[in-house]
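Residue-level structure breakdown
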Amino acid sequence: VQLVESGGQLVQAGDSLRLSCAASGGTFSNYDMAWFRQAPGKEREIVAVISWSGGSTSYADSVKGRFTISRENAKSTVYLQMNSLKPEDTAVYYCAAKTALSSKWDYWGQGTQVTVSS
């Protein structure tokens, strides 16, 4: 499975941004999907997860209520809608995929930079 993220850019605090991750090379609906992020000097952290069907989602406490993960299986795409952005949301955002039975995220995109200025 190949994953390609897009949508990252420089925005101001309080703005909104939507990231997209397009998948190819596999049956998209077979995979749970997630967004991770990594800020400079920090470890990569999971931001949001959505199940293969879209019926289950979960979020890091730091983004709960501000970010929304969604997917369109017909378009093989997962999204991350980010509202009320804060400077601490600045990071490279990665999407990842795994099968429902896998315990680790097997496939990764190349990342897209999100920078939030204060």
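Provided above is the structure to which this section pertains.
Figured I'd write up the structure that's included with this text.

About the criteria used
- Residues numbered from 1 in each chain as written.
- Predicted model: local features only at pLDDT ≥ 70, side-chain atom pairs only at ≥ 80, totals over all residues.
- Heavy atoms only, no water.
- Helix = DSSP H or I, 4+ residues; strand = E, 2+ residues; numbered from the N terminus.
- Buried < 20%, exposed > 50% of the residue type's maximum accessible area, 1.4 Å probe, protein only.
- Contact = heavy atoms within 4.5 Å.
- Areas by Shrake-Rupley, 256 points an atom, 1.4 Å probe, with all protein chains shown as cover.
- Lys, Arg positive; Asp, Glu negative; His and termini not counted.
- Charge placed at Lys NZ, Arg CZ, Asp CG, Glu CD.
- Phe/Tyr/Trp six-rings, centres within 6.5 Å; stacked < 30°, edge-to-face > 60°.
- Pairing = 2+ DSSP bridges.

Here the focus is the overall build of the protein chain. Per the secondary structure count, the protein chain includes 0 helices and 11 strands. Ordered by position in the sequence, the α and β elements of the protein chain form the string β-β-β-β-β-β-β-β-β-β-β. Seen along its three principal axes, the alpha-carbon backbone of the protein chain occupies a region of about 40 × 25 × 25 Å. Across the 118 residues in the protein chain, those meeting the buried criterion constitute 43%. Pairs at least 24 residues apart make up 54% of the contacts formed inside the protein chain by residues separated by at least 6 positions. Approximately 6000 Å² of the protein chain is accessible, and the part contributed by carbon and sulfur atoms is 47%. Each charge class in the protein chain can be summarised by its mean position, and for the 11 positive and 10 negative side chains these summaries are 2 Å apart.

A few words on the packing of aromatic side chains. If you walk through the whole model with that rule in mind, you get 3 aromatic pairs. Pairing Tyr31 with Tyr107 gives two aromatic rings, centres 5.9 Å apart and planes at 90°, and the pair type is edge-to-face. Of this pair, Tyr31 sits in strand S4 (residues 31-38) while Tyr107 sits in strand S10 (residues 107-108), and the two are 76 residues apart along the sequence. Here Tyr31 falls in the buried class, since its relative accessible area comes to 12%. For Tyr107, a relative accessible area of 29% puts it in the partly exposed group. Ring geometry for Phe36 and Trp108: centres 4.7 Å apart, planes at 55°, overall tilted. Pair noted here: Phe36 is in strand S4 and Trp108 is in strand S10, with a separation of 72 residues, a long-range link.

Burial of the side chains of strand S7 (residues 67-72) is restricted to one face: Phe67, Ile69 and Arg71 are buried, whereas none of Thr68, Ser70 and Glu72 on the reverse face is. Bridging between S7 and strand S8 (residues 77-82) involves 6 bridges; their strand directions are antiparallel. When the sheet's bridge partners are listed, Thr68 is paired in S8 with Gln81. As consecutive antiparallel partners, S7 and S8 are separated by 4 residues, and within that stretch Ser76 has a phi angle of approximately 50°, a positive value.

Our next topic: the side chain of Lys98. Along the polypeptide, Lys98 turns up in strand S9 (residues 91-99). Residue classification places Lys98 among the buried residues on the basis of a relative accessible area of 12%.

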